[in-house]
Amino acid sequence: MWDVFARAATGSRKISCLCLLNLLTAFDTIDHNILLTRLSSWFGLQNTALNWLRSYLTSRCFHIKCNNNLSSLHTCLCGVPQGSVLGPLLFVTYTITTPLSTLISSLSLNHHLYADDTLLFLSFHPSEFHSNIIHWQNALQQIFSWMTANLLNLNSSKTDFLLIEHNNFLKY
């Protein structure tokens, strides 16, 4: 999707900006209360279905084994089970399906979301460069604030910003 978008923009003599966001330990940081509230308010889950998911998420325990030593039992206070069928679905519900996608759309950015990766892109004419860079900065700050408020952490070592332009569009 991005490559078609970038080729069309370059062919129209536009500059394309691409931002790749990656979340750090994304599946482990999902807040159960926020998730259950979203399932209820955004998707209408109530009563038995919501209680079943609440039961599935809460009171999960684990311990760690290292060199035949077993730690004491710990309760998982957040996160969705990885390796399960429901884990990725619940993660997507928490982030992608509605709240994050709605925010990004409201910021007039094109986007593609997949699990813990978010691809943001925008094309514009060279004469609009400075105003669009300011727009990017403001949009990224709002996205970062949303992620922080939802207990998600950006993985800065896997987050990239690319600027693609046809030769001689920008005068440095």
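Now for a quick tour of the structure. The shown structure was predicted, so the numbers you read here are calculated from the model rather than taken from an experiment.

**Remarks on the overall build of the protein chain**
Then, number 1: When its secondary structure is counted, the protein chain shows 6 helices and 9 strands.
Then, number 2: In the form shown here, the protein chain has an accessible surface area of approximately 10,100 Å², with 56% of it arising from carbon and sulfur atoms.

**Points about unusual backbone geometry**
Then, number 1: Even without being a glycine, Asn47 presents a positive backbone phi close to 45°.
Then, number 2: Here Asn47 is to be found in helix 3 (residues 47-57).
Then, number 3: Positioned with a positive phi, Ser59 is a non-glycine residue whose angle comes to about 65°.
Then, number 4: For Ser59, a relative accessible area of 63% puts it in the exposed group.

**Remarks on the side chain of Asn155**
Then, number 1: By the secondary structure assignment, Asn155 is in the loop between strand 8 (153-154) and strand 9 (160-164).
Then, number 2: Sequence-distant contacts of Asn155, that is, excluding residues within four places in its chain, are made with Asn22, Leu23 and Leu24.

**As for the side chain of His32**
Then, number 1: Relative to the helices and strands, His32 resides in helix 2 (residues 32-41).
Then, number 2: Judged by its relative accessible area of 6%, His32 is buried.
Then, number 3: A polar contact is formed between the side chain of His32 and the backbone oxygen of Gly79, at a distance of 2.7 Å.

**Quick notes on the packing of helix 2 against helix 4 (residues 86-94)**
Then, number 1: Relative to each other, helix 2 and helix 4 sit at 80°, their axes nearing to 9 Å. Our classification of the angle between helix 2 and helix 4 gives roughly perpendicular. Each of Ile34, Leu35, Arg38 and Leu39 in helix 2 lies in contact with helix 4, whose residues at this interface are Leu90, Thr93 and Tyr94.
Then, number 2: Among the residues forming the contact of helix 2 with helix 4, the class breakdown is 5 nonpolar, 1 polar and 1 charged.

**Description of the packing of aromatic side chains**
Then, number 1: Under the counting rule described, the total for this entry stands at 4 aromatic pairs.
Then, number 2: Ring centres of Phe27 and Phe91 lie 4.5 Å apart, and the angle between their planes is 20°; on these two criteria the pair is classed as stacked. Placement of the pair is Phe27 in the loop between strand 1 (15-24) and helix 2 and Phe91 in helix 4, with a sequence separation of 64 residues.
Then, number 3: On the basis of an interplanar angle of 10° and a centroid distance of 5.9 Å, the ring pair of Trp52 and Tyr56 is categorised as stacked. Within this pair, Trp52 and its partner Tyr56 are both found in helix 3, separated by 4 residues, close to a single helical turn.
Then, number 4: Its end group placed over the ring of Tyr94, Arg38 keeps NZ or CZ at 4.9 Å from the ring centre.
Then, number 5: Directly above the aromatic system of Tyr56 lies the positively charged group of Arg60, at a separation of 5.0 Å from the ring centroid.

Scoring rules and cut-offs
Residues numbered from 1 in each chain as written. Predicted model: local features only at pLDDT ≥ 70, side-chain atom pairs only at ≥ 80, totals over all residues. Heavy atoms only, no water. Helix = DSSP H or I, 4+ residues; strand = E, 2+ residues; numbered from the N terminus. Areas by Shrake-Rupley, 256 points an atom, 1.4 Å probe, with all protein chains shown as cover. Buried < 20%, exposed > 50% of the residue type's maximum accessible area, 1.4 Å probe, protein only. Contact = heavy atoms within 4.5 Å. Polar contact = N/O pair within 3.5 Å; in protein donor to acceptor, adjacent residues only side chain to side chain. Axes fitted to C-alpha atoms, helices over the stretch in contact; angles between N-to-C directions. Parallel < 35°, antiparallel > 145°, perpendicular 65-115°, else oblique. Nonpolar A, V, L, I, M, F, W, Y, C, P; charged D, E, K, R; others polar. Phe/Tyr/Trp six-rings, centres within 6.5 Å; stacked < 30°, edge-to-face > 60°. Lys NZ or Arg CZ within 6 Å of the ring centre and 35° of its normal.

Interpretation note: all reported values are geometric properties and have no functional meaning in isolation.
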